[in-house]
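Breakdown of the fold
Here's the letter readout for the chains.
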Amino acid sequence: MDLRVNFSSLLLLLLFTGLCAAQQAESQRQDKEIPFDASEEEDMTSAILRMNNGSTDFLLEGDLLIPRTRTAMRCYHKTFSCLWPKSANGQVEVPFTISPKYTATEKRMILSAMRDFHANTCIRFVGRQRERMYLSIEPKYGCFSSLGRIGDKQVLSLAKYGCVQNGVIQHELLHALGFYHEHTRSDRDNYVRINWDNIRSGYKMNFKKMNTNNLNTPYDYSSVMHYGRAPFAIDHRSDTITPFPNPNVYIGQRRGMSNMDILRVNKLYKCHDN
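Residues numbered from 1 in each chain as written. Predicted model: local features only at pLDDT ≥ 70, side-chain atom pairs only at ≥ 80, totals over all residues. Heavy atoms only, no water.

Some details on the overall build of the protein
So the rule is basically this: The way it works is that DSSP assigns letters per residue, a run of H or I at least four long becomes a helix, a run of E at least two long becomes a strand, and they are numbered from the N terminus. Type-normalised accessible area, obtained with a 1.4 Å probe on protein chains alone, sets the label of each residue: buried when under 20%, exposed when over 50%, and partly exposed for intermediate values. By the convention used here, residues are in contact when the closest approach between their heavy atoms is within 4.5 Å. Surface accessibility follows the Shrake-Rupley procedure with a 1.4 Å probe radius. Residue values consider only the protein chains on display as shielding.
The number of helices and strands found in the protein is five helices and nine strands. Along the protein, helices and strands appear, N-terminal first, in the series α-α-β-β-β-α-β-β-β-β-α-β-β-α. When each of the 274 residues of the protein is scored for burial, the buried share is 47%. Partitioning the intrachain contacts of the protein with sequence separation of at least 6 by distance along the chain shows that 72% fall at a separation of at least 24. Total accessible area on the protein stands at roughly 14800 Å², and carbon and sulfur atoms take up 55% of it.

The structure is reproduced here in structure tokens:
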């Protein structure tokens, strides 16, 4: 009887030890795992829309979160600026937090994407202390951000294994700084053709032109804020957005900010005025 009890105890001990070892190995694997990176053939919009497919949030243009509260909507009133304020030292400090759900590798990628702003603009993403208005970077369902500063905590979602890519991170950060998608510029009809007949029913509002401040800069096909060729398409073999006069120019890159994106941040936030 004692032998059977001892044998059973030994089996349980071995099973428990094996489970602990497996969990530890899995934890180490996730911490070292390179976040999912789709083929270079997949453009920015396709990557974001794929990640946002099935989201229950109302996402204008695929990844712009529209605040549901009255106070959050102050950003759209003339009495409240959507821009993050500039300090006396000429820097624009944007407080943020990063969810502990990200691995060390994912956190490094997010911080690396932020450092491009630090190196090229007066934007400084700084760890939140007690600020009421700040970015909360979280792995929610999909990749999305609010437009500009909304006046309170605002979630910037970067889902794991799909959104934690340099270009996608910078795309969402630029939304948080107040930038629309490039294809909605007020002068876009001079540079791209919207193929309305190939846009799915109910999604045509995502191609509406905005009353944008173009900051006296040219249209930028290479902007990290530009849609790809076939977002919300009925037939993905055909474009919903066709550039002209050169229909073959590449749009929807997801490597990171273009030189024009950087210039616009500096212009919008008057980085060189101090």
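So, the pattern of salt bridges
The line we're drawing: Whenever a carboxyl oxygen of Asp or Glu lies within 4 Å of a side-chain nitrogen of Lys or Arg, that contact is scored as a salt bridge.
Following the criterion strictly, the structure yields ten salt bridges and no others. In this structure, E138 and K140 form a salt bridge, with 3.4 Å as the shortest nitrogen-oxygen distance. Under the relative-accessibility criterion, E138 is labelled buried at 14%. A salt bridge links K153 to E138, with the shortest nitrogen-to-oxygen separation between them at 3.7 Å. Here E138 lies in strand 5 (residues 134-138) and K153 lies in strand 7 (residues 153-158), a separation of 15 residues in the sequence. On the basis of relative accessibility, which here comes to 41%, the residue K153 falls in the partly exposed class. Among the charged side chains, a network of salt bridges with common partners joins E182, R185, D187 and R264.

Quick look at the sheet that holds strand 5
Remark on secondary structure: sheet strands pair via backbone hydrogen bonds, oriented parallel or antiparallel. Threshold: When DSSP locates at least two bridges between a pair of strands, those strands are taken to pair. For helices, the fitted axis covers only the stretch in contact; all axes are lines through C-alpha atoms, and the angles between them, taken along N-to-C directions, range from 0 to 180 degrees.
Ordered by their spatial adjacency, five strands build an open sheet running 4-3-5-7-6, and the pairing between neighbours is mixed. Strand pairing shows two members of the sheet lacking a second neighbour, strand 4 (123-127) and strand 6 (143-144), which therefore form its edges. In terms of strand pairing, strand 5 meets strand 7 through five bridges, oriented parallel. What sits directly across from Y134, in strand 7, is K153. Each of strand 3 (92-98), strand 4, strand 5 and strand 7 is contacted by helix 3 (residues 104-120), which is oriented at about 145° to strand 4, the strand it contacts most. Contacting strand 3, strand 4, strand 5, strand 6 and strand 7, helix 4 (residues 166-177) crosses the sheet at an angle of about 160° to strand 7.

Concerning the confidence of the model for the protein
Put simply, the test is: pLDDT expresses, on a scale from 0 to 100, how confident the predictor is about each individual residue.
Put simply, the protein has an average pLDDT of 81, and 72% of its residues get 70 or more. Across residues 10-39 the pLDDT falls below 50, and counting only partners more than four positions away or on other chains, this stretch makes 22 contacts in the model. Taken as a whole, residues 68-79 scores under 50 in pLDDT and shows 18 contacts with residues more than four places along the chain or in a different chain.

What about the side chain of H226?
Cut-off, in case you're wondering: A 3.5 Å cut-off defines polar contacts: any pair of N or O atoms within that distance qualifies, except that in protein one atom must be a possible hydrogen donor and the other a possible acceptor, and neighbouring residues in sequence count only when both atoms are side-chain atoms.
Tracing the backbone through its elements, the reader meets H226 in the loop between strand 8 (192-194) and strand 9 (241-243). With a relative accessible area of 0%, H226 lands in the buried category. In this structure the side chain of H226 is engaged in a polar contact, spanning 2.7 Å, whose partner is the side chain of Y219.

Regarding the state of the cysteines
Where we set the bar: Any pair of cysteine sulfurs within 2.5 Å is marked as a disulfide.
A complete count under the given rule lists two disulfides for this structure. Between the sulfur atoms of C122 and its disulfide mate C271 the distance is 2.1 Å. The S-S bond linking C122 to C271 shows a torsion near -65°; that makes this disulfide left-handed. You can see C122 sitting in the loop between helix 3 and strand 4 and its partner C271 sitting in the segment after helix 5 (259-268), a full 149 residues away along the chain. By relative accessible area, which is 6% here, C122 ends up buried. Note that C143 is cross-linked by a disulfide to C163, the S-S spacing being 2.0 Å. Between C143 and C163 the disulfide shows an S-S torsion of about -75°. By sign, it is left-handed. Of this pair, C143 sits in strand 6 while C163 sits in the loop between strand 7 and helix 4, placing them 20 residues apart in sequence. Since its relative accessible area comes to 0%, C143 is described here as buried.

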